[in-house]
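# Observations on the three-dimensional arrangement
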Amino acid sequence: MSASHTYHRLTNYSPERPWHEPLDDPRLVTGFEICDKDRRPPEFKTYDEGLPVVDLPVDLPRHPLPATAVLGGATAAGRHDLTLAELARLLYYSGGIVRYRDTADGRVHYRAAGSAGNRHPLELYAVTSGLAGLPGGVWHHDPLGHRLRHIAPAPARDGATFLVVTGVPWRAAWKYAERAWRHLWWDCGTLLAQLLALADAAGLPARLQLAFPDQAVATLVGADDVDEFPLALVVLADGEPALTPTSQAQHGKLVNDPTRFPLITAIQQATESATCWPTTIPRARRAPAVPPLPSRLTLEDVVLRRGSARRFDTHATLPLSAVTWAMAVATRPVRWDAGPSLLHHHLILHSVDKTRPGIHRWRDGHLAPVSTGDQRQATHHYCLGTDLARDAAWLAIHGTDLSATLDRLGERGYRAAGLEAGLVTGRLHLAAHALGHAATGLVVNDELTPAFLRSDTTTLLSTALGLRVHQTTPGGTPRRPARLRPG
């Protein structure tokens, strides 16, 4: 059995094993107390004083394209060069702090992109080789201060400016134990859904790179490849990124007394085995733009309105056109180096106009019925007893044929499938909020999938959509996040 199959099986949820009860297996850490308040991980990576800092602009560019047009594949006319202000915009609306709340346990911050359990286990770095107002080098993004900190010289040769997304497993494992490695890729995909769309709105030629030498990139940004490791590169200009470090980067302070999970280390190392895909990857097809639905909101408006729903209006019925449009934009081909999509999607329709309730397969832009009839209670059970799954107007279940994915891309393909599931979920969030709807990410009882969906797909993630009962407080501006009521 492959390392990916083994990890996935050991971190599956099932009807007999709720999410907080681990399997009895020697490869899993025993006696671990989740959500121990005395061991709560820091929200941010910090560095010693004295490193050069560049404050990012707070007056960020705005682009007039409607969000629904951008999500459908429209881009700003012409080609645009990256500026410091545009870089600040990309970083703020994907990884910046937009809200905060004061609680009995201290201040909690909320970032622009969603994250399971508000754990935000990601860090962002910019690698530049000469951008006006920003000397060449490796820069860490400080989301709270809305600034960049210089942590290393530029790579050994000039190359395209790019971003590095890294994962910090302990931030998510504090709540989700070994399953946290899945969350790294989901959250990374959700953030990238926003970042790539923001680049499109600005006419920037951004593309996603998942095949890279892990050790070199980790060294480049000062990650130790145990408590922090690289997940993805986003190249923001034509040309190839330069990845060879010229000196040791500053490591910074990341975690306090972390529990390290051998299973997470094992799956991370197993998927590092190749620096490139093992075979020639077919190109993803270039799909035509999806015609936009009416909306006056820009992408920035949508990002600041976005927030995971906590309750849905159980009496709301959504139009079928909203469902098919949202799925069409969410499943558009990704500009990445992994080829065509790795995912399968099933839709559970509870309350959608002109459509009988039931389970459908989403295939080539069309709904193919799997079973009909009211699925609310069955979906509630399938999604770990989460009321949002029962009360939503519809759900999308994202999965992959894991064996076929590994045959095509090797063990590293498991990363790509998880990231793509997060990216599709992120796009669905943006699509929902662009239409005035709401969305939230959910997980499922994996072992119920064959009987419930009548499919042998390996389930990764699900998205529930509907109308929210309460509106989300809009996000603030750089260095001035919106304050939420104490909780």
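The structure we're discussing is the one just above.
Quantities reported herein were computed from a predicted structural model and do not represent experimental measurements.

Basis of the calculations
Residues numbered from 1 in each chain as written. Predicted model: local features only at pLDDT ≥ 70, side-chain atom pairs only at ≥ 80, totals over all residues. Heavy atoms only, no water. Helix = DSSP H or I, 4+ residues; strand = E, 2+ residues; numbered from the N terminus. Rg over C-alpha atoms; globule rule 2.2 N^0.38 Å. Buried < 20%, exposed > 50% of the residue type's maximum accessible area, 1.4 Å probe, protein only. Areas by Shrake-Rupley, 256 points an atom, 1.4 Å probe, with all protein chains shown as cover. Phe/Tyr/Trp six-rings, centres within 6.5 Å; stacked < 30°, edge-to-face > 60°. Lys NZ or Arg CZ within 6 Å of the ring centre and 35° of its normal. Pairing = 2+ DSSP bridges. Axes fitted to C-alpha atoms, helices over the stretch in contact; angles between N-to-C directions. Expected span 1.5 Å × (residues − 1). Contact = heavy atoms within 4.5 Å. Core = buried A, V, L, I, M, F, W, Y, C linked by side-chain atoms within 4.5 Å.

Tallying secondary structure elements over the chain gives 14 helices and 16 strands in all. Relative to its length of 487 residues, the chain is compact, with a C-alpha radius of gyration of 21 Å against a globular reference of 23 Å. By its C-alpha atoms, the chain is 60 × 55 × 55 Å across when sized along the principal axes. Burial analysis of the chain (487 residues in total) assigns 59% to the buried set. Accessible surface computed for the chain: about 19,500 Å², of which carbon and sulfur atoms make up 51%.

Here we come to the packing of aromatic side chains. Summed over the entire model, instances satisfying the criterion amount to 8 aromatic pairs. For the pair Trp181 and Tyr414, a centre-to-centre distance of 5.7 Å together with 35° between the ring planes defines the contact as tilted. Taken together, the positions of Trp181 in helix H5 (residues 180-202) and Tyr414 in helix H13 (residues 412-434) put the pair 233 residues apart, joining distant regions of the chain. Between Tyr382 and Phe452, the aromatic rings sit 4.6 Å apart at their centres with planes inclined by 45°, giving tilted as the arrangement. Of this pair, Tyr382 sits in helix H10 (residues 376-382) while Phe452 sits in helix H14 (residues 449-453), and the two are 70 residues apart along the sequence. One aromatic cluster in this structure is built from Tyr7, Trp181, Trp185 and Tyr414. Sitting over the ring of Tyr13, Arg179 keeps its end group 3.7 Å from the ring centre. Above the face of the Phe212 ring, Arg412 is positioned so that its terminal group lies 5.0 Å from the ring centre.

So, on to the sheet that holds strand S7 (residues 162-167). What the 7 strands build is an open sheet, ordered S1-S6-S5-S4-S7-S9-S8; its pairing is antiparallel. This sheet does not close on itself; its edge strands, each paired only once, are strand S1 (53-55) and strand S8 (207-209). This sheet shows a mean twist of 30° between the axes of neighbouring strands, independent of strand direction. In this structure, strand S5 (residues 137-142) lies alongside strand S6 (residues 147-152), joined through 5 bridges in antiparallel fashion. For His140, the partnering residue across the bridge sits in S6 and is Arg149.

All right, on to H5 then. A rise of 1.5 Å per residue sets the reference length of H5, with its 23 residues, at 33 Å; its end C-alpha atoms lie 33 Å apart and thus fit the reference within 8%. Most of H5 is tucked away, with 23 of its 23 residues classed as buried. Once H5 finishes, Gly203 follows within two positions and takes phi at roughly 75°, a positive value.

This part covers the sheet that holds strand S12 (residues 366-372). Ordered by their spatial adjacency, 6 strands build an open sheet running S12-S11-S10-S13-S15-S14, and the pairing between neighbours is antiparallel. Of all strands in the sheet, those bounded by a partner on one side alone are S12 and strand S14 (438-442). The sheet shows a mean angle of 25° between the axes of neighbouring strands, direction not considered. In the sheet, strand S10 (residues 343-349) pairs with strand S11 (residues 358-363) via 5 bridges, with the strands oriented antiparallel. Residue His345 lies in a different strand from S11, and its bridge partner there is Trp362. Contacts from H13 reach S10, strand S13 (394-400), S14 and strand S15 (458-466) within the one sheet, and its direction differs from that of S15 by about 5°.

Here we take up the pairing of strand S4 (residues 122-128). For S4, the tally of buried residues reaches 7 of 7 residues, placing the bulk of the element in the interior. Both faces of S4 are covered, namely the face carrying Leu122, Leu124, Ala126 and Thr128 and the face carrying Glu123, Tyr125 and Val127. As paired elements, S4 and S7 share 6 bridges and run antiparallel to each other. What sits directly across from Val127, in S7, is Phe162. In this structure, S4 lies alongside S5, joined through 4 bridges in antiparallel fashion. Pairing of Val127 across the sheet is with Val138, part of S5.

The phi torsion of most residues other than glycine is negative, and most of the peptide bonds are trans. Although it is not a glycine, Ala177 adopts a positive phi angle of roughly 50°. Along the chain, Ala177 falls in the loop between helix H4 (169-176) and H5. We classify Ala177 as buried; its relative accessible area is 15%.

A word on the pairing of S14. Of all 5 residues that make up S14, 4 are buried, and the element is covered over most of its length. In the sheet, S14 pairs with S15 via 5 bridges, with the strands oriented antiparallel. Each bridged residue has a counterpart across the sheet, and for Thr440 the counterpart in S15 is Ala464.

Residues Leu87, Leu192 and Trp394 are the most contacted members of the largest nonpolar core, which totals 116 residues. Once you skip the residues sitting within four places of it in the chain, Leu87 turns out to touch Leu82, Ala126, Leu131, Leu134, Leu148, Leu163 and Leu236. Phe162, Val164, Leu233 and Val235 belong to the second largest nonpolar core, which has 19 residues in total.

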